[in-house]
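A closer look at the structure
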Amino acid sequence: MSANNDIVLRVENLRTYFETDGGIVRAVDGVTFSVKRGKTLALVGESGCGKSVTAYSILRLIQKPGKIISGRIMLHADEQESIDILSLSEKSDELYDIRGGKVSMIFQEPMTALSPVHTVGNQICEAILLHQDVSRARAREIAIKALGDVGIPSPQKRIDIYPHEISGGMRQRVVIAMALVCRPQLLIADEPTTALDVTIQAQIIHLIKERQRDLSMAVMLITHDLGVVAQSADDVAVMYLGRIVEQADIRDLMKTPRHPYTMGLLKSLPSLSNRHKRLPSISGSVPSPAEIPTGCPFHPRCPYCVKGLCDTAAAPELTSLDSKHSVACLRANDSELKL
Ligand SMILES: Nc1ncnc2c1ncn2[C@@H]1O[C@H](COP(=O)(O)OP(=O)(O)O)[C@@H](O)[C@H]1O
Ligand SMILES: [Mg+2]
């Protein structure tokens, strides 16, 4: 099937809800997207939009009271093999093969992925031994090479240190080494640089790009920062309140955004004249997904909202403008909407 050749992950109409005392939290509410083989899809949106819940759903890591309500997640690991992730049983070997094997994930805070009581080397070796049939001595060689590949100097010495003995930036390099040691087809990087300072952030993004090229792997980069996206994505999906509101290739999205939410995110990027200050240009904050506004979910914060249309009609569906650009806005074709 030709789709398998260029698409590594296809998510269709995914809904993940949390049943809480305060009501049903519709964290992910009908999300559809594809990640192309070897390419980077950025998933962007403010905090609380459902990015992490989407990522956790892909690896089936959603814990109670959360539940995947509906949808389909297909992993086309290679041209021959397609796995329907939501149909796998909780304890199946296939699911273990996927987690950390075919699909790897790195998180915002490197210490959540590392144990403080084991050396860096032992942790990477464990990850290797879990998925590869090699001896411990061979795993150690692979681990040393992996540490060198992520730019850790003198890896043969550093392999025996503990995570607390190195800086945050170096720890995130270790986490990346561990995530990539089984050569995944897809890396999900959930805010991988948010906890790091700005100069280190750029280095880590650069490192992910470099390793992506070497391993021909796809990356799903989750971030609240369109600045990071501009440096590294091929395609972008903008998420708001559990839905994708705009999807495009990076050039179209940066040049001709069509959703007022995307425009707001772009406007809050620091410009050359305003390098250090981000302008908060989207008014208000993300409402709770337990109380999603009727009509277009963005309408209470939207400067282009038309009363009687945007607040009353059904939530707009993601609609194609052309083959590379879709948007979910009732006024997407209105020339009044511009950056
Ligand atoms: N265990 C949980 N119980 C209840 N609500 C949750 C839980 N986990 C996440 N949520 C809610 O789901 C929404 C999306 O969260 P998340 O995916 O973490 O957002 P993002 O990663 O975009 O910042 C948020 O409103 C969050 O409060
Ligand atoms: Mg998150």
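Residues numbered from 1 in each chain as written. Chains lettered and ligands numbered in written order. Predicted model: local features only at pLDDT ≥ 70, side-chain atom pairs only at ≥ 80, totals over all residues.

1. Some thoughts on the nonpolar core
Formed by 91 residues in total, the largest nonpolar core has its most connected members in I124, A177 and L186. In terms of residues, this core owes the most to one element, helix α8 (residues 168–180), which gives eight residues. Split by domain, this core shows at least three residues from each of two domains, domain 1 (2–102 + 185–327) and domain 2 (111–183). Other than its neighbours up to four places away in sequence, I124 contacts A143, A146, A177, M178 and V181. (Core = buried A, V, L, I, M, F, W, Y, C linked by C-beta atoms within 7 Å. Buried ≥ 20, exposed ≤ 12 C-beta atoms within 10 Å, placed from the backbone. Helix = DSSP H or I, 4+ residues; strand = E, 2+ residues; numbered from the N terminus. Domains from an automatic or database assignment. Contact = placed C-beta atoms within 7 Å.)

2. Here's the deal with the site of ligand 1
As a matter of local geometry, ligand 1 sits amid 14 residues, with F18, A27, K51, S52 and V53 nearest to it. When contributions to the shell around ligand 1 are tallied by element, the ones reaching two or more residues are β1 (7–20), β2 (23–36) and α2 (51–58). Looking at the shell around ligand 1 element by element, the count peaks at three residues for α2. Class assignment for the residues of the shell around ligand 1 results in six nonpolar, seven polar and one charged. (Near = placed C-beta within 6 Å. Nonpolar A, V, L, I, M, F, W, Y, C, P; charged D, E, K, R; others polar.)

3. Focus: helix α9 (residues 198–215)
Because an α-helix packs 3.6 residues into every turn, residues spaced three or four apart end up facing the same way. The terminal C-alpha atoms of α9 lie 26 Å apart, and with 18 residues this matches the ideal 26 Å at 1.5 Å per residue to within 8%. Listed in full, the buried residues belonging to α9 are Q201, I204, I208, R211 and Q212. Projected down its long axis, α9 carries its buried residues within an arc of 105°, all on one side. Looking at α9, the residues exposed on the side facing more than 90 degrees away from the buried face are T199, R213 and D214. As for α9, its buried residues are in contact with α6 (136–149), α8, β7 (186–190) and β8 (218–223). S216, located one to two residues past α9, shows a positive phi value of around 45°. (Expected span 1.5 Å × (residues − 1). Arc of directions from axis to C-beta.)

4. A word on the packing of α8 against α9
Relative to each other, α8 and α9 sit at 20°, their axes nearing to 11 Å. When the axes of α8 and α9 are compared, the pair comes out roughly parallel. At the point where α8 passes α9, the crossing takes the right-handed sense. Here G169, Q172, R173, I176 and L180 of α8 come into contact with α9, specifically with I200, Q203, I204, L207, I208, R211 and L215. For the contact of α8 with α9, the per-class residue count stands at seven nonpolar, three polar and two charged. (Axes fitted to C-alpha atoms, helices over the stretch in contact; angles between N-to-C directions. Parallel < 35°, antiparallel > 145°, perpendicular 65-115°, else oblique. Left-handed = near helix turned anticlockwise from the far one by under 90°.)

Worth remembering: the numbers are spatial, not functional.
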